[in-house]
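A closer look at the structure
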Protein chains: 2
Amino acid sequence: MEADRQRVSTDRSGFVPDSLPDGVVFARTPDDVVTTLRMASEHRIPVVPRGAGTGLAAASSSRAGELVLDVSGMNRILRIDPQEQLAVVEPGVLNADLNAAAAEYGLFYAPDPASTAICSIGGNIATNAGGMRCAKYGVTRESVLALRVILADGRELRTGRETIKGVSGYDLNALMIGSEGTLGVVVEATLRLRPMPVHTATVAAFFPDVTTAARAASAVVAARIQPSVMELMDGPTLEAVDMAMGTGYRSKGGAFLLVQTDGFGAFLEQEVVMDVLEPLGSCEKAVDDEHAAALLTARREAIPSLEKLGRVSIGDIGVPRGRLAEVVSGLEEISARTGVRIFTIAHASDGNLHPMIVLDPEDSVTSGPAKAALGEMFHLAHKLGGTLTGEHGIGLLKRDWLEEEVGKVSLEVMNTIRTALDPLGILNPGKGL
Amino acid sequence: MEADRQRVSTDRSGFVPDSLPDGVVFARTPDDVVTTLRMASEHRIPVVPRGAGTGLAAASSSRAGELVLDVSGMNRILRIDPQEQLAVVEPGVLNADLNAAAAEYGLFYAPDPASTAICSIGGNIATNAGGMRCAKYGVTRESVLALRVILADGRELRTGRETIKGVSGYDLNALMIGSEGTLGVVVEATLRLRPMPVHTATVAAFFPDVTTAARAASAVVAARIQPSVMELMDGPTLEAVDMAMGTGYRSKGGAFLLVQTDGFGAFLEQEVVMDVLEPLGSCEKAVDDEHAAALLTARREAIPSLEKLGRVSIGDIGVPRGRLAEVVSGLEEISARTGVRIFTIAHASDGNLHPMIVLDPEDSVTSGPAKAALGEMFHLAHKLGGTLTGEHGIGLLKRDWLEEEVGKVSLEVMNTIRTALDPLGILNPGKGL
């Protein structure tokens, strides 16, 4: 149906393909995936694997001549083992649904993209997704123990194992994670769960401007605190949240830092956070869980709030943690010079920023000033020793800058591996590398 | 010189090659490595990369027809960045030397194999080495940010990046880590350091037998404590340590568990550890740092102590953490039935056991009862959902059982990647896969 083809042709990157895919398979079982890939191999049909379609780099966008393989209907939680603290799930399970199921056992799944309510585990694996809790608990790679993957030719590959450690052979598990649907299609994942922390302590801090907030975040890292969450939002983002949510954060300062510590020492660690932040801004401890949850909600609503202002293209650069102030100053300068509206939010404890470009409806993210601003952002990050993408992936949108970051030999080796595993080139061609 | 060739022909696995390598290159610079590999490619000479030679799976053993590429002389710490908490080192730097240098900045490098004083970072990377602190801080993979690697044909590959997060292209960093010198030769590594914990709390617990100790360790995991160290030693190992060190641990119980918690909440977490362990054995808190250090030394001296009893072959199986009691019972049964002496020590918080086979001088680890016992250990671990090797690697010694664990397709894919990156097959042939 055309409506299906329309729906599966895009993701949440803002990229609009020039045509619709030829068809879409809604897989329900691993066998459906095997059958589809065998058939596609036989007829040399390019296949675009797809989960919940919340990608931010157009890795699951599709066009004429391509077949979409949608695994969002494979969405069962197959097993939760509270003793071993792991879950076995199908790829279409939503991140938030897994967390809700784990919570019944006092456990949680650490990677928590802002899109937790709508993004799927398969997509999280395809992009090696991160989120707010990753500085302390690691990204998706650190939470995936094992995978069942269908290769381009229909063979079933098992990677990893259920034990915490293991070095039998190459780390194919890590190779698959973040490969954006170019090396295989995940049909089952064994995930590490973690015990919910016994305590969580929350600090909200407001600063006169975003540069000061960034300096404060670097100071927390330099003080050797390990926050479980440290989120930064600039003044324009606070305004957008206030407008959408009816809150009044912007009146409290020109930039906001939310710092959570957790575990047995959460409140002791919080005292050190306060000592570091108080000379730089105005800090308050969350008075109760409800207050803390409201602060987290403000951060989670940042993207939806910005989406009310226009079409949003979400940047994803990363820099060494001591260079946050330099990069936010640089972003302000790019915005002023190009006239492109850039709003900055960041996972400040791992140096991962999401500069949000808000576009007018007629503007494109793949050409004109917005694309130029994306390129300038990358060059800024690169100059500061950073990366093009911390957790969203390359997809279609960032291919132009990949070689500049990773180098010629690295790109050659990646292509060598891709060709070795998918010699016919049917898996997500044109994406990732 | 024959003495050099003799020295570089073996590691610490107990495996004795049937001949000496043809020669050995002592590399001093990355260019030496490039030149060696280009020359080897041109003449199709198999190259055995080698660090400090402390491997436990014979991955760096060598024989006639092979050239050893020894990088132990590339042993400079190039940079420590206390702000970004990272170090840049050459591969020959010893693990303990890096930790000593990092300590001057209040930092530490988390992976800490028992051989820390004599093993090199390059070897740690080649095997994805672990150690005592890995359950909390992750294995080598979680501490390596970036690598410079020379490929078989002499090209220089850079993997990873200096930022905490990054998903630009495939995770070649993780692919190299644990590849046992079969995909390239590491000439420089950028490593993540961590702040030394503000507090460390230590508990020593003695139990009537090893099964009870294993049950106690599983109970700590089930209580959702995250020890930084949780080490188990059985009674025969305690006897060997007492004999070598003049201590009296065996008189206190038939098995020993050392549990450390660290961080802001270390002492609060310790109380929960005590609550879990006290019903099962006799526990004491370390009274001061010196006491705690003595307990850690007992564990670090276990292997040298056993080496005084005969030639030691160190097993390295891993099991799900709830199955520790089953696996130690199984090991006792294997020892009783085969007559092979097996001593058990374990990193109990991640389910990684080191069953130590002590051989008489005339016995071999690659044939006869010792090899049979190794095979039975693996089958035991496999039956319990576990792995052949938690942190030592496959090398030469465990190839026979690799396919049974990872499966046919996985082995095919690993070989596909190996052939793609080293089409002439010159890097460590016969090892790893």
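Analysis parameters
Residues numbered from 1 in each chain as written. Chains lettered and ligands numbered in written order. Predicted model: local features only at pLDDT ≥ 70, side-chain atom pairs only at ≥ 80, totals over all residues. Heavy atoms only, no water. Buried < 20%, exposed > 50% of the residue type's maximum accessible area, 1.4 Å probe, protein only. Helix = DSSP H or I, 4+ residues; strand = E, 2+ residues; numbered from the N terminus. Pairing = 2+ DSSP bridges. Axes fitted to C-alpha atoms, helices over the stretch in contact; angles between N-to-C directions. Parallel < 35°, antiparallel > 145°, perpendicular 65-115°, else oblique. Left-handed = near helix turned anticlockwise from the far one by under 90°. Contact = heavy atoms within 4.5 Å. Nonpolar A, V, L, I, M, F, W, Y, C, P; charged D, E, K, R; others polar. Salt bridge = Lys/Arg side-chain N within 4 Å of Asp/Glu carboxyl O. Buried area = accessible area lost by both parts, 1.4 Å probe. Polar contact = N/O pair within 3.5 Å; in protein donor to acceptor, adjacent residues only side chain to side chain. UniProt positions renumbered as here; feature names shortened; annotations may be inferred. Least-squares fit on C-alpha atoms with pLDDT ≥ 70 in both. 1 Å grid on protein atoms, 1.4 Å probe; cavity = no way out; pocket = protein on both sides within 12 Å on 5 of 7 lines; lining within 4 Å. Points joined across faces, edges and corners; volume = space filled by probe spheres on them.

1. What about the pairing of strand β5 (residues 86–89) of chain B?
Residues and elements named next belong to chain B. Of the two faces of β5, the one carrying L86 and V88 and the one carrying A87 and V89 are both buried. Alignment of strand β4 (residues 77–81) against β5, held across four bridges, turns out to be antiparallel. Opposite D81, over in β5, you have L86 as the bridge partner.

2. Description of the packing of helix α15 (residues 408–421) of chain A against helix α15 (residues 408–421) of chain B
A pair of packed helices can be characterised by two numbers: the angle between their axes and the separation between those axes. Across the interface, α15(A) lies against α15(B) with an axial gap of 9 Å and an inter-helix angle of 135°. The angle between α15(A) and α15(B) places the two elements in the oblique class. As α15(A) runs across α15(B), the sense of the crossing is right-handed. Across the interface between the two elements, V413(A), T416(A), A420(A) and L421(A) from α15(A) touch V413(B), T416(B), A420(B) and L421(B) from α15(B). For the contact of α15(A) with α15(B), the per-class residue count stands at six nonpolar, two polar and no charged.

3. So, the pattern of salt bridges
Applying the stated criterion across every chain, the model contains 59 salt bridges over all chains. Where D18(B) meets R63(B), a salt bridge forms, and the shortest distance between an N and an O atom there is 3.7 Å. Taken together, the residues D18(B) in the loop between α1 (2–7) and β1 (23–26) and R63(B) in the loop between β2 (47–50) and β3 (67–70) connect sequence positions 45 residues apart. A relative accessible area of 62% places D18(B) in the exposed class. K371(B) is paired through a salt bridge with D400(B); the nearest N and O atoms lie 2.5 Å apart. Taken together, the positions of K371(B) in helix α13 (residues 368–383) and D400(B) in helix α14 (residues 399–406) put the pair 29 residues apart, joining distant regions of the chain. Ionic contacts of the salt-bridge type, sharing partners, join the residues R141(A), E142(A), D171(A), R141(B), E142(B) and D171(B) into one network.

4. Observations regarding the interface of chain A and chain B
With 83 residues of chain A in contact, the opposing surface of chain B contributes 83 residues. Summed over both sides, the interface of chain A with chain B buries roughly 6500 Å², with 59% coming from carbon and sulfur. Summed over the three residues of chain A that lose the most area to chain B, namely K165(A), Y170(A) and F264(A), the buried surface amounts to 15% of that side. Linking chain A with chain B are eleven salt bridges. With its nearest N and O atoms 2.6 Å apart, the salt bridge here joins E412(A) to R155(B). Where chain A packs against chain B, one counts 33 residue pairs in polar contact (both at pLDDT 80 or more). Broken down by element, the side of chain A that touches chain B gets its largest block of residues, ten residues, from α15(A). Classifying every residue of the side of chain A that touches chain B gives 35 nonpolar, 29 polar and 19 charged.

5. Describing the UniProt feature "domain: FAD-binding PCMH-type" (unreviewed entry) in chain A
In the numbering adopted here, UniProt assigns the feature "domain: FAD-binding PCMH-type" (unreviewed entry) to residues 17–196 of chain A. Here residues 17–196 of chain A runs as 22% helix and 25% strand, with 42 Å between its end C-alpha atoms.

6. With respect to the relation of the copies chain A and chain B
Structural alignment of chain A on chain B gives an RMSD of 0.0 Å, achieved by rotating through 180° and translating 0.0 Å along the axis. Taken together, the rotation angle and the small translation identify this as a two-fold axis. Among all residues of chain A, the minimum C-alpha distance to the rotation axis is found for G265(A), at 1.8 Å. When the interface residues of chain A are mapped onto chain B, 100% of them again lie at the interface, so the same face is used by both copies.

7. As for the sheet that holds strand β9 (residues 185–192) of chain A
Residues and elements named next belong to chain A. Sheet architecture is open: five strands sit in the order β4-β5-β9-β7-β8, paired in antiparallel fashion. In the strand order of this sheet, the two ends are held by β4 (77–81) and β8 (156–160), each with one partner. Each adjacent strand pair in this sheet contributes to an overall mean axis angle of 10°, direction not counted. Direction of pairing for strand β7 (residues 144–150) relative to β8: antiparallel, over a ladder of five bridges. Within the sheet, the bridge partner assigned to I150 lies in β8 and is E156. Helix α3 (residues 95–103) rests against β4, β5 (86–89) and β9 of the sheet, and its axis sits at about 40° to β4.

8. Let's talk about the environment of V139(A)
Within the element layout of this structure, V139(A) appears in the loop between α5 (134–137) and β7. Taking the C-alpha atoms as reference points, V139(A) and P113(A), 26 residues apart in sequence, are found 9.8 Å from one another.

9. Observations concerning the environment of L193(A)
All names here are of chain A. With respect to the secondary-structure elements, L193 resides in the loop between β9 and β10 (194–195). Expressed as a C-alpha distance, the spacing of L193 and T159, which sit 34 residues apart in the sequence, is 18 Å. In contact with L193, other than residues within four places in its own chain, are I80, Q85, L86, A87, A102, L107, F108 and Y109.

10. Some details on empty space enclosed by the protein
All names here are of chain A. All told, the structure shown has six cavities of 30 Å³ or more when counted by the stated rule. Considering only enclosed or pocket space, the largest cavity measures out at about 70 Å³ in volume. Surrounding the largest cavity, I314, G315, D316, I317, L374, M377, F378, L388, K398 and W401 form its lining. Take the lining of the largest cavity: its biggest share by element is three residues, from helix α13 (residues 368–383).

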